[in-house]
Structures are given as structure tokens and as C-alpha cells.
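Chain by chain, the residues run as shown.
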Amino acid sequence: MTKRIVVDPVTRIEGHLRIDCDITDGKVSKAWSSGQMWRGIETILKGRDPRDAWVFTQRICGVCTTVHAIASVRAVENALDMEIPVNAQYIRNMVIAAHGIHDHIVHFYHLSALDWVDVVSALSADPKAASKLAQSLSDHPNNGWQEYKAVQDKLKTFVGSGQLGIFANGYWGHPAMKLPPEVNLIAAAHYLEAFEVQRKANQITSILGSKTPHIQNVAVGGVSNPINPDSQAALNMERLQLVKDLMDQLQSFIYNAYIVDVAVVASFYQDWLGYGSGVMDYLSVPDFPTDTKGTQFGTPGGYIPGGDVSKMKPITSFGDPYFRDGVKESVKHAWYEGDSNLHPYKGETEPHYTDFQDDGKYSWVKAPTFLGKPAQVGPLSNVLAMYAAGHETTQKVAGVAFAKIKAITKSKSDIPISVLHSTLGRHAARAIRCAVLFEELEKNYNYLINNIAGGDMTTFNPPVFPKGEQQGFGFHEAPRGVLSHWIVIKNGKIENYQAVVPSTWNAAPRNDDDAIGPYEASLMGNPIADEKKPLEVLRTIHSFDPCLACAIHLHDNKGKDVSKVNVL
Amino acid sequence: MFSSPDVVVIGLGNILMEDEGIGVHAIRHLEEKYTFSPEIEIVDGGTSGLDLLPFFGPEKSILLVDAVNFNMKPGTVASLEDDAILAQLDPKISLHHLGLSDLISISELTDRKAKKMTLLGIQPESMENLDLEMTDTIKGVFDKIIQNALRILKEWGIESSKR
């Protein structure tokens, strides 16, 4: 017997997503992913100065501000065939790394952990046993039993005062929750600590980007930060030292808490290393450029067909035609006019809403394809590509994480990399990538300091707009995966603009060939223990870190009681 | 450079979506047209959530300016104070993202609850369309919003003068 369940909206994500599943014999047999918001930023950019585009694209989403600024300036620079000073690359790279670290940590602890961690169960843990367990797992400094006791007391007060708001929709007590109370307490302690850690990562972005949440320092042609080691108004030694201090405070948490916690969760939920693979054609792009043209990168990227890392084809430069010519977007199943399947330079964004049609149009998200097929993007795709390319840190950190899982589960054989093709594999890959980002942050800091010491203070090359038409694209390996912006410039003005965002790839509806998208594919075969509480659907969808462009955030006055509202 | 003022004004909203952007438009106006004594911190919060946590703290007085659905006539300007903000707002964690109410909860959980907090809310007319301009209704009450923001700041001991 087949039954339809609808999860609308999917909670604890950025944006508004609806998931429909057909359940047959307790397992998902068919799935539909539907983006419930129209994102038409492109229309607002036509006719504007390309140098200003990043200011607007930064407002597409409240979470992914930085990444849309970066992709936008890279697109214009590509159209103008520009080179940008290495100092500007290093500064942008540090902003990208700090933002990514912040984003990955928030995603695991604050948006996903409650799928696996039962906060209420943590209240009954023995703090001494939790401390002993934590100390056996890592050298993280805050592992004393007094610290765990303090966290437990705080949670008791908080839950006791009826403020379950931020933990709401956590399915505590669900039969699919498997962590012992002590592990739940350790995770809850790190949940709290992660708020401070993400704040420090954010502060780095804020020092280098001049402001957060919207950075102010990028420009087509470089960055607008003047470097002057002796000036109060510029990027000086005092500010750089502060960046260094903050950086040093991130390391222990990433290695001794984040990576370990993910390994612990994976050990207690080994089943979930077997579900949720879905589309196994993986796409990622190289990032952290270290030369002026964007041909040398700190982190590799490429296309892996069929999950076979030995077949990885690398993407090697900002202008790589392999990437440029490989991307298309279909609107056959999306709420736009017609059924076109176009390259982004030719992309159209004319809305055409119908009802939710199982076999027709059912989403505001277009269906992008690479070489004509759906592709999965995100940290997993990136980690697999880096692993395939022999990237040292990736291989080392993956080894550490797998060894932890092996030790905790007392497994006799080594954990194979193939476990990454799964729901929890995506979380593991994100943690591994977080360590890689930390290394890039450190590396680029050192490159910048050395380059300044060598006397190079250049941060900007002014762009020149020739008459006629140019087109260009900019890509960025953002926290949620491949982000690309595509621009057509005519006589110095924007003629067309399209953003193909990571969640578009993953949340894609069926495409031109009716092939299902990555979210949809990843749900196939997932068990559903309780149709009324489809925690399993949330686990798999959350593992992608969905972000559907929360352009609107209006606050609702929930009660009818308006007595406390002072009308002015 | 990192000792920051204790009074913080945060404008929230998306300037790409008509009246959604009212909070940001209002704080930009304050920043461009006025000077404040003692100095205050003015933050363009956009549609972010957790990114705003650093601006919270037990020594802070925070004025938030934002579009709020009070289920009242478009253009209604109203305020909510302290615990009433959390009590009245829908927890947005279930919808768009870690919203304002989540941020306030988290500030309590992480010992960063602000000493004083006022939400200056405006009932929007339209936020359906991609348009940088606000509706005429909201433009019509824009000065009222600014004057109320200045009045609240004055109650907190902040003098303002036109540039």
C-alpha cells in the first residue's frame, strides 16, 4: 500500500522547502522536492552597472551574503578578462574561509544536531560519566565534569522556564533517537560552545570585510581594503594580529569537538552511513586562488561521475570551458514559462505558477544539469574531489575521522571512504571540509603577511568596460556547494544575469529528461518508522544543508492578544 | 576599535522586496542624516539571524526596526518591549530561518541577553514584488518611524542632531 506524506515546511532550514514522499511498505518509494519561494533577483539587476551587482546579490539571502558577493565580482572579472592582485585573493580567501567555518559549524550544531541529539535526554545524564567519556574521545579543554554539570543546570533552567523555542520540533523521545544521555550532554555542551565559536569566525569576516552580515570590502578588480601596516584607518598589523588570535581559538573546536562529535554520531547511527546517497554524480569547483588569473588553487574541484573517484575530471581555472559549457537549467518541472532547457547566459526567469502537479510543474526551483545530468553539490562533492586529487589535509583529516569511528564502534576492518555516500557521510564530509577551510585560513594569512613584508601593498586593479558585449561567469565553492553567477554585459551595463545557487542543484525538481534531483533521489528507500513524525526525511534533507533563499523574513505577531503592542 | 557603544540600533529586512526593507531603509536614514551623542552603533542586519548575536550583551540597549505583521492596517507603527517581543512573536525557526525570536532565545541561553530591548515595528503593505522602492503607504509614515526611533533613543539618554 502506498501512502503520501507531505513535509511542509521542512523545519530548521534556511528558506522554505516542501517535500512530498510516497511511502510503500515503510520506505520512501517516490519523492518530490518543491521550493516554495520565487527568487527573481536577476530581474532587478538588468540595466545596472556591473560593478554594483555584488551589492544587490549579497541581499539574495540572509545567510549566504558573502558568497554571492564573491561569485558576482568573479563573474564580472571573468567577463572583462581581468587579473586581480594576489593580496586581494588572499584577503578574499580568508573571508571565504572564515565564513565557511562559521557556516559549517552552525549547520551541524544549530540546524542539524537536533535530528540526532535528544536535548531532553541530556538532562538525565551523569556529568562525571560524560566527562570521562569526552576525555577518552579528545583533548578538548572544556571536558571537565564541572563544565558538564554547569551546562546541564543551564539546560534544566531553560527547559524549566518553558522556553523550548529553539529546541522546538526536535523529535525528542522518538524511537529513532539512539544516543545515550551522556553523549547527548556532550553534544549539548558543544551546541552551546558552538555559538561562541561561530561568533569568533564571524568576527574574522567582520574585521577583513569591514562589516557583517554584509561585507563591504569587495570590488570588481580586487578588494577595497587599503593595506598600510602603520595606519589606523587601513588593514594594519593590529587588525591582522587580532585575526590571528581569533584564528587560533577556532582550531581546537574544529578538531577536538566538531570532527569527534560527527564521528560519535556516525558510530551510534551506523545505519545512516548506508542510506541517503541519491545522485552520485558529484560536482565541485576549485577555490582559494593564489595567482592573479585564477589558475592555481588551494582546494581542487571537479566532476566525479557515478561516485567513482578514480574518474574525477578536474576543473582547472576560473575560465575553464569544461565547467562553462557543461551547465544548463531546465524549467520543464518548475513554475516558469515554457519548458526550455537553457545555458545560464541565455537563462530566462518568467514566472508561471500552476498548482502542484506530480508529473508537471511543482517547484520554484529550476533543474540545473551538468553534461545533461543532475549533479549533487556540497561539501561531500568537494571532499571527494579533493580526496581524488590527493589533497593532503583532506586525506589526513578523513583518516582521523574514520579511525575515530573504527575505534568507537570497535570495528575490525577499516572504514572505507564509500561510507561518505550517505546521509551521515554528508555531515562527515562537512566536518572534514571545515578543517580544510581552517588550513586555508591559516595559509592565506601567512601568504598575506609575507607578501606585505615583501613590500607589495596592492589590493585593486580598476576595471575597464569596453564597448560592445562581453559575457562571463564566476564560480565559488560555497558552504553548500557550487555557486555560479553568469553575466552578460552590453556597453558597460548588465544585459542578463543568472545565479545558479547550490541548493538549486540539490533541491532540483525533475529535469528535462524527467530524472529526479539529488534531494529526491537521496530519499528513495529511506525507512520511515512513524509517518506522523517523519524524522528520517528531515535527517536526509538536513544533511544537504538546504538554503532556499530566504528573501522574506517577516515576523508574525502570533497571538491575537495585542495588549502588549503599543500603537504609536 | 573593538570597544563598541552600548546603544545599538539594528535595521532588519530585505531591501529588494518593497516594504520588507523598511528597517534597513530607516537605519540608513538615521546614519546619513543624524549624529548621536553619546555615539551609538547602527547595524544593517539585513535578513540575518545568528550573525547578529555579537551585538547582544548584558550591557546593551537594542532598538530593532523591522516590518512586523501585527494584523493591523498597513502603515501602523507600533512597538514591543523586552519580554513582550519574545512572547508576541512567532518562533521563526519553523519557517524561514533562525529569526529574531530565536536570536533572542539564544542570547538568553548564552548569557548575552540585552539589558533593554525595543522592537519598533511597521505593518507593511506589500512585500510581494522585487522592487527597491517601498509602497507609498510606508513612505507616508517614514518620518513617523524616524521620529519614534529618535524619541526612544532620547529616552535611553541619546541626543540626536541633524547633520
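Rules used in this analysis
Along each chain, residue indices are assigned from 1 in the same order as the chain's sequence is written. Labels are handed out in written order, letters beginning with A for the chains and numbers beginning with 1 for the ligands. Predicted model: local features are reported for residues with pLDDT of at least 70 only, side-chain atom pairs are reported and counted for 80 or more only, and whole-chain, interface and lining totals are derived from all residues. To obtain the side-chain values, all non-hydrogen atoms of the structure were included, while hydrogens and water were left out. Strands are runs of DSSP state E lasting at least 2 residues, helices are runs of H or I lasting at least 4, and numbering of each runs from the N terminus. Note on classification: 1.4 Å probe, protein chains only; a residue is buried when its accessible area is under 20% of the maximum for its type, exposed when over 50%, partly exposed between these limits. In what follows, a contact means two residues having at least one pair of non-hydrogen atoms within 4.5 Å. Note on areas: these come from Shrake-Rupley sampling with a 1.4 Å probe, and a residue is covered only by the protein chains present in the view. When charges are counted, neither His nor the chain ends are considered; positive counts come from Lys and Arg and negative counts from Asp and Glu. For this purpose, a charge sits on NZ of Lys, CZ of Arg, CG of Asp or CD of Glu. Identification of polar contacts relies on pairs of N or O atoms within 3.5 Å, with a donor-acceptor requirement for protein atoms, meaning one able to donate a hydrogen and the other able to accept it, and with residues adjacent in sequence counted only if both atoms are side-chain atoms. Any two strands between which DSSP finds at least two bridges are classified as paired. Every axis in this analysis is a line fitted to C-alpha atoms, fitted for helices over the stretch in contact. Angles between the N-to-C directions lie between 0 and 180 degrees. For this classification, under 35 degrees means roughly parallel, over 145 means roughly antiparallel, 65 to 115 means roughly perpendicular, and everything else is oblique. Note on convention: the crossing is left-handed when the near helix lies turned anticlockwise from the far helix by less than a right angle, right-handed when the turn is clockwise. The nonpolar class holds Ala, Val, Leu, Ile, Met, Phe, Trp, Tyr, Cys and Pro. Asp, Glu, Lys and Arg form the charged class, and all remaining residues, Gly among them, are polar. Within this scheme, the nonpolar core is defined by two criteria: the residues are buried Ala, Val, Leu, Ile, Met, Phe, Trp, Tyr or Cys, and they are joined through side-chain atoms within 4.5 Å. Each pair of aromatic rings taken from Phe, Tyr and Trp, with Trp reduced to its six-membered ring, is defined by centres within 6.5 Å and is described as stacked if the planes are under 30 degrees apart, edge-to-face if over 60, and tilted in the remaining cases. Think of it as a cone above the ring: NZ of Lys or CZ of Arg counts as a charge over the ring if it is within 6 Å of the ring centre and within 35 degrees of the ring normal. The pLDDT value expresses, per residue, how confident the predictor is, ranging between 0 and 100.

Engineer: Which parts of the structure should I look at to understand the overall build of chain B?
Structural biologist: In terms of regular secondary structure, chain B is built from five helices and seven strands. Counting from the amino terminus, helix and strand elements in chain B follow one another as β-α-β-β-β-β-α-α-β-α-α-β. Referenced to the eigenvectors of the C-alpha coordinate spread, the extents of chain B come out at roughly 40 × 40 × 25 Å. Buried positions account for 63% of the 163 residues belonging to chain B. Long-range contacts, defined here as pairs at least 24 residues apart, represent 79% of the contacts in chain B between residues at least 6 apart. Counting every atom, chain B has about 5,900 Å² of accessible surface; 47% of that belongs to carbon and sulfur. With 15 positive and 27 negative side-chain charges, chain B shows a spacing of 6 Å between the two charge centroids.

Engineer: Hey, could you run me through the side chain of D51(B) in this one?
Structural biologist: One can find D51(B) in the loop between β3 (41–46) and β4 (61–69). For D51(B), the side chain forms a polar contact with the side chain of H102(A), separated by 3.3 Å. One polar contact links D51(B) to N202(A), side chain to side chain, over a distance of 3.0 Å.

Engineer: How should the pairing of strand β2 (residues 34–37) of chain B be read in this particular structure?
Structural biologist: Residues and elements named next belong to chain B. Where burial is concerned, the two faces of β2 differ: the one with Y34 and F36 is buried and the one with T35 and S37 is not. Where β2 meets strand β7 (residues 159–162), four bridges bridge the pair, whose relative direction is antiparallel. For S37, the partnering residue across the bridge sits in β7 and is E159.

Engineer: What am I meant to see in the packing of helix α4 (residues 86–112) of chain A against helix α8 (residues 181–208) of chain A here?
Structural biologist: Any two packed helices are characterised by the angle at which their axes cross and by the distance between the axes. Residue and element names in this part refer to chain A. Interaxial distance between α4 and α8 falls to 8 Å at its minimum, and their mutual angle equals 160 degrees. Classed by the angle they form, the pair α4 and α8 counts as roughly antiparallel. Of the two possible hands of crossing, α4 and α8 adopt the one that is left-handed. Listed contacts from α8 to M94, V95, A98, H99, I101, H102, I105, V106, Y109 and H110 of α4 are H190, Y191, A194, F195, V197, Q198, A201, N202, I204, T205 and L208. Class assignment for the residues of the contact of α4 with α8 results in 14 nonpolar, seven polar and no charged.

Engineer: Would you mind showing me how to read the nonpolar core here?
Structural biologist: Soluble globular proteins tend to pack their nonpolar side chains together in the buried interior. Counting 117 residues, the largest nonpolar core has I101(A), I105(A), L250(A), I254(A) and L448(A) as the members making the most contacts within it. Looking at this core, the element that brings in the most residues is helix α9 (residues 237–268) of chain A, giving 16 residues. Residue contacts for L448(A): discarding those within four places in its chain leaves N87(A), Y90(A), I91(A), M94(A), I227(A), L235(A) and L240(A). Of all hydrophobic cores here, the second largest spans 47 residues; its members include L114(A), Y191(A), L53(B) and I104(B).

Engineer: Looking at this structure, I do not really get the packing of aromatic side chains. What am I missing?
Structural biologist: Each pair of aromatic rings is reported with the distance of its centres and the angle of its planes. Residue and element names in this part refer to chain A. The full count for this structure, using the stated rule, is 27 aromatic pairs over all chains. An angle of 50 degrees between the planes, with centres 4.8 Å apart, marks the rings of Y519 and F544 as tilted. On the criterion of sequence distance, the pair formed by Y519 in helix α15 (residues 518–523) and F544 in the loop between α16 (535–542) and β18 (547–548) is long-range, its members being 25 residues apart. A network of ring pairs unites the aromatic residues F297, Y303, F318, Y322, F323, Y345, F370, F473, F475 and W486 as a single cluster. K128 extends its terminal NZ or CZ atom over the ring of W145, reaching a point 4.6 Å from the ring centre. The ring of Y336 is capped by K366, whose NZ or CZ atom sits 5.5 Å from the centre of that ring.

Engineer: Whenever I open this one, the sheet that holds strand β14 (residues 367–370) of chain A confuses me. Can you help?
Structural biologist: Strands pair in a sheet through their backbones, by hydrogen bonds, and they do so in one of two ways: parallel or antiparallel. Residues and elements named next belong to chain A. One open sheet accounts for three strands, arranged β13-β12-β14; its pairing is antiparallel. Looking at the sheet topology across the chains shown, the edges are occupied by β13 (341–342) and β14. Direction of pairing for strand β12 (residues 327–330) relative to β14: antiparallel, over a ladder of four bridges. Bridge assignment links S330 to a residue of β14, and that residue is A367.

Engineer: Before we go on, may I ask you to explain the sheet that holds strand β11 (residues 313–314) of chain A in this structure?
Structural biologist: Residue and element names in this part refer to chain A. In space, the three strands of this open sheet follow the order β7-β10-β11, with antiparallel pairing throughout. Strands with a single pairing partner mark the edges of an open sheet, and in this sheet they are β7 (282–283) and β11. When β7 meets strand β10 (residues 302–304), the two strands line up antiparallel, connected through two bridges. Looking at the pairing, Y282 lines up with I304 of β10.

Engineer: For this particular structure, what's the right way to read the environment of A114(B)?
Structural biologist: Residues and elements named next belong to chain B. Tracing the sequence through the fold places A114 in the loop between α3 (100–109) and β6 (116–122). Residue A114 is classed as buried on the basis of its relative accessible area of 10%. For the pair formed by A114 and I62, sequence separation is 52 residues and the distance between their alpha carbons is 6.9 Å. Other than its neighbours up to four places away in sequence, A114 contacts F56, G57, K60 and I62.

Engineer: Before we go on, may I ask you to explain the confidence of the model for chain B in this structure?
Structural biologist: Any segment with low pLDDT has predicted coordinates that should not be analysed in fine detail. Residues and elements named next belong to chain B. Residues of chain B with pLDDT of at least 70 account for 93%, and the chain-wide mean is 87. For chain B, the element scoring lowest by mean pLDDT is helix α2 (residues 83–88), at 80; helix α5 (residues 142–155) scores highest, at 97. In this model, residues 92–97 is a region of pLDDT below 50 whose contacts with residues beyond four sequence positions or in other chains number 34 contacts.

Engineer: Which parts of the structure should I look at to understand the environment of L371(A)?
Structural biologist: Residue and element names in this part refer to chain A. Residue position: L371 is located in the loop between β14 and α11 (379–388). Sequence separation between L371 and D325 is 46 residues, and the spatial gap between their C-alpha atoms is 8.3 Å. Dropping the residues within four chain positions of it, L371 is found in contact with Y303, Y322 and G326.

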